[in-house]
Amino acid sequence: MQTIFQITLVVNDYDEAIQFYTDKLNFTLVEDTVLSETKRWVVVAPQGSDGCRLLLAKAASDEQKKSIGNQTGGRVFLFLHTDDIGSDYTRMTAKGVTFVREPSAEAYGTVAVFKDLYGNLWDMIEPKK
């Protein structure tokens, strides 16, 4: 059996990314290990999740810097499942998270689209039960 357990998200700054994901999205800081003067191993995940985690990787080259906020060419990049989209939407909006699409009912559940601090698009989905 194989699973995807971690995805790299290129960021501009470790600390601002940690602050956004832990404060605004309510994620848990799983690890923050210094590897060198310029590199850290920073992992965040949704609270209580044992699924896929995000490795926040600081851009180290001009080419990597160009991809910050646009890792998928403007398409939705990441998908966040929730069991209470109404509460999460209200909490995240109050914390200043920008939603480009308010919650709406779809065949598969309720979905809202938000931007992370760099502009990457996320679908937040409460699946139909």
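Our subject is the structure listed above.
Residues numbered from 1 in each chain as written. Predicted model: local features only at pLDDT ≥ 70, side-chain atom pairs only at ≥ 80, totals over all residues. Heavy atoms only, no water.

Focus: the sheet that holds strand β8 (residues 121–127)
Strand pairing in a sheet relies on backbone hydrogen bonds, with the paired strands running either antiparallel or parallel. Our working definition: DSSP bridges decide pairing: two strands pair if at least two such bridges lie between them. The way it works is that DSSP assigns letters per residue, a run of H or I at least four long becomes a helix, a run of E at least two long becomes a strand, and they are numbered from the N terminus. An axis is simply a line fitted to the C-alpha atoms; with a helix, the fit covers only the stretch in contact. Between two such axes, the angle follows the N-to-C directions and lies from 0 to 180 degrees.
Pairing is mixed in the open sheet, where four strands are placed in the order β5-β8-β7-β6. A single partner strand is all that each edge strand has here, and the edge strands are β5 (76–81) and β6 (99–106). With strand direction ignored, the average angle separating the axes of adjacent strands in the sheet is 20°. Pairing between strand β7 (residues 109–115) and β8: seven bridges, direction antiparallel. From the neighbouring strand, phenylalanine 114 faces β8, where its bridge partner is tryptophan 122.

Thoughts on the pattern of salt bridges
Our working definition: Salt bridges, as used here, are contacts in which a Lys or Arg side-chain nitrogen is within 4 Å of a carboxyl oxygen on Asp or Glu. Under the scheme applied here, a residue whose accessible area is under 20% of the maximum for its type counts as buried, over 50% as exposed, and between as partly exposed, the area being computed with a 1.4 Å probe on protein chains only.
A complete count under the given rule lists six salt bridges for this structure. Between aspartate 32 and arginine 40 there is a salt bridge whose closest N-O contact spans 2.7 Å. Given a relative accessible area of 18%, arginine 40 falls into the buried group. Two residues, glutamate 126 and lysine 129, come together in a salt bridge whose shortest N-O distance is 3.3 Å. Residues participating in the shared-partner salt-bridge network are Asp15, Asp32 and Arg40.

Considering the packing of aromatic side chains
In plain terms, the rule: Pairing of aromatic side chains here covers Phe, Tyr and the six-membered ring of Trp, requires ring centres within 6.5 Å, and sorts the geometry by plane angle: under 30 degrees stacked, over 60 edge-to-face, intermediate tilted.
Overall, the coordinates contain seven aromatic pairs when judged by the stated rule. Consider the rings of phenylalanine 20 and tyrosine 21, whose centres lie 5.1 Å apart with planes at 85°: the pair is edge-to-face. With respect to class, phenylalanine 20 is no different from tyrosine 21; both count as buried.

Everything listed here is a matter of coordinates, which is why it stays silent on function.
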